[in-house]
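Survey of secondary and tertiary structure
So you can see what is in the structure, the chains are spelled out below.
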Amino acid sequence: MGKESNSGGCVGWFLVVVILALVVGAVVYGVKKKMDHAKDSKPEPVPGPPGAIDKKYGDALKIAMQFFDVQKSGKLVDNKISWRGDSGLKDGSEAKLDLSKGMYDAGDHMKFGFPLAFTATVLSWSILEYGDQMAAVNQLEPAQDSLKWITDFLINAHPKDNVLYIQVGDPDTDHKCWERPEKMKEKRPLTQVNTSVPGTEVAAETAAAMASASLVFKTSDSTYSSTLLKHAKQLFTFADKYKGSYSENIPEVAVYYNSTGYGDELLWAASWLYHATGDRFYLEYATGENGKEFASWGSPTWFSWDNKNAGTQVLLSRLTLFGAKGVSGNSGLGNYRKSAEGVICSLLPKSPYATSSRTDGGLIWVSEWNALQHPVASAFLAALYSDYMLTSQTPKITCGDHLFKPSDLRKFAKSQADYVLGKNPLKMSYLVGYGDKYPQYVHHRGASIPVDATTGCSDGFKWLDSTDPNPNVAVGGLVGGPFLNETFIDSRNNSMQAEPTTYNSALIVGLLSSLVTTSSAVKSFT
C-alpha cells in the first residue's frame, strides 16, 4: 500500500510540473506576441531634411535627366548635348502656331501629345514630391527647365478652349526616314481634337499635366502657373463635356498609342485639379459616381501612359494619410486608399497577393514592348507610398495575413532600380551612359548618325543597318529592356528592346529622385 501511494504522489507532482510549464510557456508566448505586435505597430522614424546622398542613385539621376535634352525640339537654349542642334523650327506653322518646342517621343521625330503630356505630369509629380532630393544633387533646376520645355509646347497646342493639337508629324512618313532631326525636310502635318472629333483621354491627360505643372511653378513664376491652371480647367471641361476616345475618332493614332479608355484620365485630371485648386467639385468628381464607374477600386492595375488608375489611387491616398481638411468620411477616398494598398500588395514579392508577372531575377515584367516601363512605374509608386507611410506615421499595411513596413516598400523600389542599373543576370545597365556596360546600338536616329554626315530621308538607313556602335550616346535614355527570360539583343533594328522613350525618362527620374536620399514627404503641394 505504501509503495502504491508513493508512486501515485510522484505522478501527481509530475502532472503539476507539466501544467505549470505549459502555463508559463503560454504566458511567455503571449507576452512575446504582444511585444512583436507592439513592435510591428510602432511606426518607423520620420525622415528629416534630405540626409546622406546615395552616390549610385545620385549619379544615375544626373545621367537620366540628360535624356530630356537629347529629345528637345525647337531652338535650343544652353544646349548641353554636343551632337544636337535646332530642329522642328517650323512645327505648327500650317496652323500659324509655334509648336517648335516639346520633345520627340522616342528614337523617331514624332511629337505624340498623349504620352508627352503623361511625361509632363509624372515629371511634375516627381518634382513636387522629391524636389528637395533633386536639389541635393543639383538636378531640380534641370528638371524644371525640361518640364517647362514641354508645357510651353502644350500651352501653344491649346489655342482655343475646345481645340487641342495632339500630334506633330505623320508617323508613316517619319518612319520611312532615318535622318537627324536637324536635317528634316518632310512636311510635318498637325492632328487636332475638337468638339467634332473629341479626344477625352488626351485632353484630360493634358489637363493633368497643366494642373500639376501649375503647382511646380506656383512660387517661382505665379503668372506662368496661373496660365497653366487656366488651360488645365478649360481642357478638363472640354474633355468631360465632349466625351469620346481619340483613338476611336482618329484611328491612325491607335497604331502607336492606342487608348484603352478615357475614364482613368478624367479621374487623374480631376485629382490633380483638386490638388491645384482645392475646389471640391474636382474631389467629388473623382470620388463619387465617376470613381465608381472608372476607378477600378479593388482591382490592381499597372501604372502607365495608357492607364492612370494606380497613380490616381496613390495620389489621392495622400489626402487621407495626411489628414487633409474637409475629407474625413469621404468613402470614395477610402476606396482609393484601399486600392492603392492593393496595388502595393501585388508588387511586394513576399505578399500573399504578389503578382507572378516578374522575371527569375525579380524584375516586374508585363510586356515585351518597352518592358521596363511597368517595373519602374511600379517602383516609383511604391517609393511614394513608403514615404507617405513614414511621414504620416503609418506603421504598416496589411496584405492578407502579412504585415509590411515602409522599409519593405522601399526595399522593393530599390530592387527594381538596381536591376535597371546593372544588378541583373547580364550585369548590364539599361540606362544609357550609366556604368561600364550599357546598350551601344540604341534605336535612335540622332544618336546613330554622325554629326557631319550628309544624308537625306532614305539614304540615312545605312546608319540604321551599320554594324558599328552609335557614334553619339543617347545619354540618359532608358531602353525598352529585357525579355521575360532576361535576355537582351543589343541591335539598332530591335526597337522592341533597344528604343528609349521620353515618358520612360520621367518615370526613372521620379524613381531615382526618391532614392537619392531620404526626407519626409511634403504634406501639401500648395
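Residues numbered from 1 in each chain as written. Predicted model: local features only at pLDDT ≥ 70, side-chain atom pairs only at ≥ 80, totals over all residues. Heavy atoms only, no water.

**Considerations on the overall build of the protein chain**
Selection rule: Secondary structure is summarised from DSSP: a helix means a run of H or I of at least four residues, a strand means a run of E of at least two, and numbering begins at the N terminus for each. Throughout, the radius of gyration refers to the C-alpha atoms, and the reference size of a globule is 2.2 Å times the residue count to the power 0.38. Think of it in three bands: residues with accessible area under 20% of the maximum for their type are buried, residues over 50% are exposed, and the middle band is partly exposed, with areas taken using a 1.4 Å probe on protein chains only. In this analysis, two residues are considered to be in contact whenever any of their non-hydrogen atoms come within 4.5 Å of each other. With residues, only the protein chains shown are counted as cover, and all accessible areas are computed by Shrake-Rupley using a 1.4 Å probe.
Within the protein chain, the secondary structure is distributed over 21 helices and five strands. Its C-alpha atoms give the protein chain a radius of gyration of 27 Å, near enough to 24 Å, the size a compact globule of 526 residues would have. In the protein chain, which comprises 526 residues, the share counted as buried stands at 57%. Taking as baseline every contact in the protein chain between residues at least 6 positions apart, the subset at least 24 positions apart corresponds to 75%. On the protein chain, roughly 21800 Å² of surface is accessible, and the fraction owed to carbon and sulfur atoms is 54%.

**Topic: the UniProt feature "domain: Glycoside hydrolase family" (unreviewed entry) in the protein chain**
Formally: UniProt positions are given in the numbering used here, feature names are shortened, and annotations may be inferred rather than shown by experiment.
Those residues carrying the UniProt feature "domain: Glycoside hydrolase family" (unreviewed entry) are residues 57-512 in this numbering. Counted over residues 57-512, helix gives 48% and strand 4%. Its end C-alpha atoms are 6 Å apart.

**Considerations on the side chain of His-374**
Looking at the secondary structure, you find His-374 in helix α16 (residues 373-392). On the accessibility criterion, His-374 (11% relative accessible area) is buried. With residues up to four places along the chain from it excluded, the contact list for His-374 reads Trp-302, Phe-303, Ser-304, Ile-364, Val-366 and Ser-367.

**Some remarks on the environment of Phe-114**
Looking at where Phe-114 falls in the secondary structure, it is placed in helix α4 (residues 113-136). Take Phe-114: its relative accessible area is 1%, and that puts it in the buried class.

**Observations concerning the environment of Glu-44**
Quick reminder of the rule: We call two N or O atoms a polar contact when they sit within 3.5 Å, provided that within protein one can donate a hydrogen and the other can accept it, with sequence-adjacent residues counted only if both atoms are side-chain atoms.
Mapped onto the fold, Glu-44 is located in the loop between α1 (2-41) and α2 (55-64). Linking Glu-44 and Ala-239, residues 195 residues apart in sequence, is a C-alpha distance of 42 Å. When residues no more than four places from it in sequence are discounted, the contact partners of Glu-44 are Leu-390, Gln-393, Lys-405, Pro-406 and Ser-407. At a separation of 2.8 Å, a polar atom in the side chain of Glu-44 contacts the side chain of Ser-407.

**With respect to unusual backbone geometry**
Phi is positive for Ser-296, close to 55 degrees, though the residue is something other than glycine. In this structure, Ser-296 sits in the loop between α13 (289-294) and α14 (309-321). We classify Ser-296 as partly exposed; its relative accessible area is 30%. Located in the positive-phi region is Glu-486, a residue other than glycine, with phi close to 70 degrees. Relative to the helices and strands, Glu-486 resides in the loop between α19 (461-464) and α20 (495-498). You can call Glu-486 buried: its relative accessible area is 9%.

**As for α2**
When α2 is considered as a whole, its buried residues turn out to be Tyr-57, Gly-58, Ala-60, Leu-61, Ile-63 and Ala-64. Next to the buried residues of α2 lie α3 (67-71), α17 (406-420) and α21 (502-515).

**A look at the UniProt feature "active site" (unreviewed entry) in the protein chain**
Using the residue numbers shown here, the UniProt feature "active site" (unreviewed entry) corresponds to His-443. Summarising the element assignment, His-443 is placed in the loop between α17 and α18 (445-448). Those residues within four positions of His-443 in sequence are excluded, and the remaining contacts are Gly-107, Trp-178, Leu-464, Arg-492, Ser-495, Ala-498, Glu-499 and Pro-500. There is a polar contact of 2.6 Å between the side chain of His-443 and the backbone oxygen of Arg-492.

**Some points on the pairing of strand β2 (residues 164-168)**
This is how it is decided: When DSSP finds at least two bridges between two strands, those strands are taken to pair.
Counting buried positions over the five residues of β2 gives five, a clear majority of the element. As judged from the two bridges shared by strand β1 (residues 111-112) and β2, these two strands associate in the antiparallel manner. Counted as the bridge partner of Lys-111 is Val-168 from β2. Two elements, β2 and strand β3 (residues 190-193), share four bridges in a ladder whose sense is antiparallel. In the sheet register, Gln-167 faces β3, and the bridge partner there is Thr-191.

**Topic: the sheet that holds β2**
With respect to topology, three strands assemble into an open sheet ordered β1-β2-β3, the strand pairing being antiparallel. Only two strands of the sheet have a single neighbouring strand rather than two, namely β1 and β3.

**Structural notes on the packing of aromatic side chains**
Condition: Stacked, tilted and edge-to-face are the three classes applied to pairs of Phe, Tyr and Trp rings, where Trp contributes its six-membered ring and a pair requires centres within 6.5 Å; stacked means planes under 30 degrees apart, edge-to-face means over 60, and tilted covers the rest. A ring is considered to have a charge above it if a Lys NZ or an Arg CZ atom is located within 6 Å of its centre and within 35 degrees of its normal.
This structure, assessed with the given rule, holds 26 aromatic pairs. Taking the centre distance of 5.5 Å and the plane angle of 80 degrees together, the rings of Trp-125 and Phe-380 count as edge-to-face. Taken together, the residues span a long stretch of sequence, with Trp-125 in helix α4 and Phe-380 in helix α16 at a distance of 255 residues. The buried category is assigned to Trp-125, whose relative accessible area is 0%. With 6.0 Å between their ring centres and 85 degrees between their planes, Tyr-257 and Tyr-503 make a pair best called edge-to-face. In this pair, Tyr-257 sits in helix α10 (residues 254-257) while Tyr-503 sits in helix α21, placing the two residues 246 residues apart along the sequence. In this structure Tyr-503 comes out as buried when scored by relative accessible area, which is 5%. Following the ring pairs from residue to residue traces out a cluster consisting of Phe-112, Phe-114, Tyr-246, Tyr-256, Tyr-257, Trp-305 and Tyr-503. The cationic tip of Lys-101 hangs over the ring face of Trp-149; the distance from NZ or CZ to the ring centre is 4.5 Å.

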